[in-house]
Amino acid sequence: MKKYLVIGNPIEHSLSPILHNYWIKENEINAIYEKKKLEEHEFDDLILNIKNKKIDGINITVPFKKKIIPYLDKLSDEASKTQSVNTVYLDKGKIIGHNTDIIGFEIGLKKTNHNIKDKKILILGAGGVVSSIIYAVKKMKASEIIVSNRTQSKAENLKKIFSDLKIAKWGEVPDFDVVVNATSIGLNVKDIIDLDFSKIGKNKLFFDVIYNPKETNFLKIGKKLGNITENGKLMFIYQASAAFEIWHGVKPKINDDIIKLLDL
Ligand code: ATR
């Protein structure tokens, strides 16, 4: 039986096993997908297990998407350009790191029917997933990308990868067409982003990377002010689907049952 893992710390919240095991069963694949809380000092063992084919693939989540890189043999173009890996597999004896968050965000956003070509994008946060979001919106030809993060130096660091990035001070809300919450604010239902969106007008897109809870206060506020809102569920499903396809060579079905499966 093949074995797959999602690793992170914390990891309890991860819904990846539910999704992957559903698709594994549906496609009659002899495999299992589990979650595992890991410490960085356990990476060497983990990699050895992939080389020995005891583990056939891993997904990586917070806080390891960058930290895993030195342990890998090769990065895909997307993983290398974002310095972020969420999917690992063995290919001809080499351990490959890939990034499916980009395609997840791209499809998740496209499903909202928002065309972001020539649009201004404001990204809140500068954590693990932000380089993938920047990469995706650049690919979709956004005209301007502004990042705002509480710790400004982390936003400035992203300019090393994306030199044309603009930075806004945390607390300022510059004009935008699409705002993406990529902070962890909202994971707890009571969390509130301390930003004033009341002057930005209506009909913008508020996109939250968080999908559990379904509607964060960020989305609630966006909606109340007359904007369109979307949570991160489709992004999550499509990043998982891209990883599944890499590992199993099958494109898994995405339908209402899948979407309901993740309703908590
Ligand atoms: P990491 O930063 O380890 O990659 P993450 O979950 O990917 O972890 O990122 C958390 C993001 O949420 C960061 O951008 C963080 O801002 P800092 O870089 O200043 O820590 C942001 N964040 C978390 N709590 C926040 C809060 N109360 N106010 C503003 N930003 C917050």
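Preceding this section is the structure that the text describes.
In this report, we go over the structure that sits alongside the text. For clarity, every value in this text was computed on a predicted model and none was experimentally measured.

We now examine the environment of Asp164. Position of Asp164 relative to the elements: it lies in the loop between α6 (152-158) and β9 (166-168). Through-space distance from the C-alpha of Asp164 to that of Ile145 is 8.1 Å; in sequence the pair is 19 residues apart. Of the polar contacts made by the side chain of Asp164, one reaches the side chain of Lys138; its length is 2.8 Å.

Looking now at the side chain of Thr216. Relative to the assigned elements, Thr216 resides in the loop between β11 (205-208) and α7 (217-224). Under the relative-accessibility criterion, Thr216 is labelled buried at 1%. Setting aside residues up to four positions removed in sequence, Thr216 forms contacts with Gly186, Asp208 and Ile210.

Let us now look at the sheet that holds β9. In a beta sheet, neighbouring strands are held together by backbone hydrogen bonds and run either parallel or antiparallel to one another. Within the open sheet, the six strands sit side by side as β9-β8-β7-β10-β11-β12. Their pairing is parallel. A strand with exactly one partner marks an edge of an open sheet, and here the two such strands are β9 and β12 (228-230). Neighbouring strand axes in the sheet, compared pairwise and without regard to direction, differ in orientation by 20 degrees on average.

Near the ligand the following residues occur: Gly125, Ala126, Gly127, Gly128, Asn149, Arg150, Thr151, Lys154, Trp170, Thr183, Ser184 and Ile185. One of the side-chain N or O atoms of Asn149 is found 2.6 Å from an oxygen atom in the ligand. Protein coverage of the free-state accessible area of the ligand, which is 620 Å², stands at 70%. Of the residues belonging to the shell around the ligand, the class tally is three nonpolar, seven polar and two charged.

Strands sit in the order β2-β1-β3-β5-β6-β4 across an open sheet of six strands; the sheet is mixed. Edge positions in the sheet fall to β2 (31-37) and β4 (74-75), since each of these pairs with one other strand and no more. Of the pairings in the sheet, the one linking β4 to strand β6 (residues 94-98) comprises two bridges and is parallel in character. Across the sheet, the residue bridging to Lys74 is Ile96, located in β6. Along the sheet, helix α1 (residues 16-26) contacts β1 (2-8), β2 and β3 (57-60); its crossing angle with β2, the most-contacted strand, is approximately 170 degrees. Helix α8 (residues 233-248) contacts β1, β2, β3, β5 (87-91) and β6 of the sheet and is inclined by roughly 10 degrees relative to β5.

Close contact between helix α4 (residues 101-110) and helix α5 (residues 130-139) brings their axes to 8 Å; oriented N to C, the two are set at 55 degrees. The angle between α4 and α5 places the two elements in the oblique class. Classified by chirality, the crossing of α5 by α4 is right-handed. Taking contact as the criterion, the partners of Asp101, Ile102, Phe105 and Glu106 in α4 are, on α5, Ser132, Ile133, Tyr135, Ala136, Val137 and Lys139. Counted by class, the contact of α4 with α5 contains six nonpolar, one polar and three charged residues.

What counts as what
- Residues numbered from 1 in each chain as written.
- Predicted model: local features only at pLDDT ≥ 70, side-chain atom pairs only at ≥ 80, totals over all residues.
- Heavy atoms only, no water.
- Helix = DSSP H or I, 4+ residues; strand = E, 2+ residues; numbered from the N terminus.
- Polar contact = N/O pair within 3.5 Å; in protein donor to acceptor, adjacent residues only side chain to side chain.
- Buried < 20%, exposed > 50% of the residue type's maximum accessible area, 1.4 Å probe, protein only.
- Contact = heavy atoms within 4.5 Å.
- Pairing = 2+ DSSP bridges.
- Axes fitted to C-alpha atoms, helices over the stretch in contact; angles between N-to-C directions.
- Near = heavy atom within 4 Å.
- Areas by Shrake-Rupley, 256 points an atom, 1.4 Å probe, with all protein chains shown as cover.
- Nonpolar A, V, L, I, M, F, W, Y, C, P; charged D, E, K, R; others polar.
- Parallel < 35°, antiparallel > 145°, perpendicular 65-115°, else oblique.
- Left-handed = near helix turned anticlockwise from the far one by under 90°.

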